[in-house]
Amino acid sequence: MKALLVCGLLVMSIAGPQAHSQAYKCKQANGRVSFQDQPCSDAASGSTINLPAAPAKGAAASGNESTPKKTAEEQWRDVQSQRLEQKAREQNEKTAAYNKSVRCDNARRRLEFLKIDRPMFTRDKDGNRQYYEDGQRASMIAAAERTVAEECR
């Protein structure tokens, strides 16, 4: 299939000034993909790929001769790859913003809890309550305020 595509594009590129500058990528009924110079019979099943115009016969080629030109399929894959990368970046940004808001909310709740005026304790390894003193609570509140300032900016 790729050999047929490459041969078709090669013929189109050496056909001269009347060569087409568009190719159509179409999905056939059997699920296979084909490239053709006519629009797909079902517009929903295809996409247009713009190809650079072929130089006229005998005209000097511009650019670097050592770099191979990309086929229409390679160009299409590059475009699709760029679109997927952009979507991934956008999704990562949304996830990072959501995670930051969750951390901010948690820090604010912890600060509110620490400011409640009632005895606070933790349990030791034997399960006994160890109550916090006022100085410990004040240092925990200061640390929670720093966390809120950092997470909620």
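Here, every reference points to the structure presented above.
Quantities reported herein were computed from a predicted structural model and do not represent experimental measurements. (Residues numbered from 1 in each chain as written. Predicted model: local features only at pLDDT ≥ 70, side-chain atom pairs only at ≥ 80, totals over all residues. Heavy atoms only, no water.)

A. The packing of aromatic side chains, seen in detail. Enumeration over the complete set of coordinates arrives at one aromatic pair. Lying over the aromatic face of Trp76, Lys25 brings its terminal NZ or CZ to 2.7 Å of the ring centre. For the cation-ring pair, Arg129 lies above Phe121, with the distance from its terminal atom to the ring centre recorded as 4.3 Å. (Phe/Tyr/Trp six-rings, centres within 6.5 Å; stacked < 30°, edge-to-face > 60°. Lys NZ or Arg CZ within 6 Å of the ring centre and 35° of its normal.)

B. Examining the pattern of salt bridges more closely. Across all of its chains, the model carries four salt bridges by this definition. The partner of Lys70 in a salt bridge is Asp78, with the nearest N and O atoms 2.4 Å apart. Lys70 gets classed as partly exposed once you look at its relative accessible area, which sits at 48%. Classification of Asp78 as partly exposed rests on a relative accessible area of 29%. A salt bridge links Lys115 to Glu145; the shortest N-O distance between them is 3.7 Å. Taken together, the positions of Lys115 in helix α2 (residues 72-115) and Glu145 in helix α3 (residues 134-151) put the pair 30 residues apart, joining distant regions of the chain. (Salt bridge = Lys/Arg side-chain N within 4 Å of Asp/Glu carboxyl O. Buried < 20%, exposed > 50% of the residue type's maximum accessible area, 1.4 Å probe, protein only. Helix = DSSP H or I, 4+ residues; strand = E, 2+ residues; numbered from the N terminus.)

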